[in-house]
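# Structure at a glance
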Amino acid sequence: MRQLERFLRPALRHAAVLALVATALSLVSRSASLTLGIALGAALALANLWTLGRVAAGLAAVAEARGEAGTGGAGARLGAAAGVALAGKLLVLLAALWLGWRYLGASIGGMAVGYMVVMAAIVVEGVRRGLPDGDDAGAGAPAGAGAGAGHGAGHGGAGEGAGATVAPGTSHGA
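Residues numbered from 1 in each chain as written. Predicted model: local features only at pLDDT ≥ 70, side-chain atom pairs only at ≥ 80, totals over all residues. Heavy atoms only, no water.

## Some remarks on the overall build of the chain
- Helix and strand content of the chain: four helices and zero strands.
- Each helix and strand of the chain, ordered N terminal to C terminal, gives the series α-α-α-α.
- For the chain, the accessible area works out to roughly 10,700 Å², and carbon and sulfur atoms hold 66% of it. (Helix = DSSP H or I, 4+ residues; strand = E, 2+ residues; numbered from the N terminus. Areas by Shrake-Rupley, 256 points an atom, 1.4 Å probe, with all protein chains shown as cover.)

## Examining the pattern of salt bridges
- Tallying each qualifying case throughout the model produces one salt bridge.
- Two residues, Glu125 and Arg128, come together in a salt bridge whose shortest N-O distance is 2.9 Å. With Glu125 and Arg128 both in helix α4 (residues 108–130) and three residues apart, this pair spans about one turn of that helix.
- The class of Glu125 is buried, set by a relative accessible area of 1%. (Salt bridge = Lys/Arg side-chain N within 4 Å of Asp/Glu carboxyl O. Buried < 20%, exposed > 50% of the residue type's maximum accessible area, 1.4 Å probe, protein only.)

## So, the environment of Val113
- Tracing the backbone shows Val113 in helix α4.
- Along the sequence, Val113 and Gly41 sit 72 residues apart, while their C-alpha atoms lie 7.1 Å from each other.

## Some words on the side chain of Ser26
- Structurally, Ser26 is set in helix α1 (residues 2–26).
- By relative accessible area, Ser26 is classed as buried at 5%.
- Polar contacts involving the side chain of Ser26 include one to the main-chain carbonyl oxygen of Thr23, which spans 2.6 Å. (Polar contact = N/O pair within 3.5 Å; in protein donor to acceptor, adjacent residues only side chain to side chain.)

## A few points about the packing of helix α2 (residues 32–66) against α4
- Close contact between α2 and α4 brings their axes to 6 Å; oriented N to C, the two are set at 40°. By the criterion of interaxial angle, the relationship of α2 to α4 is oblique. Note that α2 runs across α4; the crossing there is right-handed. Side by side, α2 and α4 meet where Leu34, Gly37, Ile38, Leu40, Gly41, Ala42, Leu44, Ala45, Leu46, Asn48 and Leu49 of the first sit next to Gly110, Met111, Val113, Gly114, Tyr115, Val118, Met119 and Ile122 of the second. (Axes fitted to C-alpha atoms, helices over the stretch in contact; angles between N-to-C directions. Parallel < 35°, antiparallel > 145°, perpendicular 65-115°, else oblique. Left-handed = near helix turned anticlockwise from the far one by under 90°. Contact = heavy atoms within 4.5 Å.)

## Thoughts on a nonpolar patch on the surface
- On the surface, a nonpolar cluster with roughly 570 Å² of combined accessible area is contributed by Trp98, Leu99, Trp101, Tyr103 and Ile108.
- If you tally residues by element for the nonpolar patch, the top one is helix α3 (residues 74–104), at four residues.
- Note on Trp101: relative accessible area 40%, which makes it partly exposed. (Patch = residues over 30% accessible without salt bridge, like charges linked within 9 Å, V, L, I, M, F, W, Y side chains within 5 Å.)

## Details of the confidence of the model for the chain
- When the pLDDT values of the chain are averaged, the result is 74; 68% of them are 70 or greater.
- Looking over the chain, one finds the lowest element-wise mean pLDDT in α1, namely 83, and the highest in α4, namely 87.
- Here residues 134–164 scores under 50 on pLDDT; set against residues more than four positions off or in separate chains, the count is 25 contacts. (pLDDT = per-residue confidence, 0-100.)

## Here we look at the nonpolar core
- If you look at the biggest cluster of nonpolar residues, it comprises 17 residues, and the most contacted ones within it are Leu12, Ala15, Leu40, Leu46, Leu49 and Val118.
- Mapped by element, the contributors of at least two residues to this core are α1, α2 and α4.
- Per-element tally for this core: the top contributor is α2, with six residues. (Core = buried A, V, L, I, M, F, W, Y, C linked by side-chain atoms within 4.5 Å.)

## Comments concerning the side chain of Thr35
- Considering the arrangement of structural elements, one finds Thr35 in helix α2.
- Residue Thr35 is classed as buried on the basis of its relative accessible area of 14%.
- Setting aside chain neighbours within four positions, we find Thr35 in contact with Thr23, Ser26 and Leu27.

## Regarding the packing of aromatic side chains
- Counting across every chain of the model gives one aromatic pair.
- Where Trp98 meets Tyr103, the ring centres are 5.8 Å apart and the plane angle is 85°; that geometry is what we call edge-to-face.
- The partly exposed category is assigned to Trp98, whose relative accessible area is 43%.
- For Tyr103, a relative accessible area of 59% puts it in the exposed group.
- Seen from the ring of Tyr103, Arg102 lies directly overhead, with NZ or CZ sitting 5.5 Å from the centre. (Phe/Tyr/Trp six-rings, centres within 6.5 Å; stacked < 30°, edge-to-face > 60°. Lys NZ or Arg CZ within 6 Å of the ring centre and 35° of its normal.)

Below, the structure written as structure tokens:
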């Protein structure tokens, strides 16, 4: 649960900054509809991300307190309740997008751009946090263990994991 919070706060902060930058850049277009769309799409995406984080943290806390993580019975009911809550959240999100388009005149393309700016910030934060600290050539790995050892092999990095080895003092591209 704490790991989620450590990821979510900077992701929300970076997403908000990118959303403001995208909205400001849209002013160059001199299209109020586009600017409103980007701002509305970004605001809804930020609210969606925050809500998802709260739901996930709440589920983790309840499951941990009850000791029901991954079990049937009450744990299954908790999962069903979360599914209903998330479906309701999705309906509210879609209704807000429709209302913004229909009654505020926000551009659909602008809303999509605003929403994607926040998604891009989430990806950037995930990549930034997923990169290993230190030497990329497997420093700290047992001798002969290969480049992926000690860095969570299996993350799909080119040449890592899957038995690839890198000679000491060389890089992946050598």
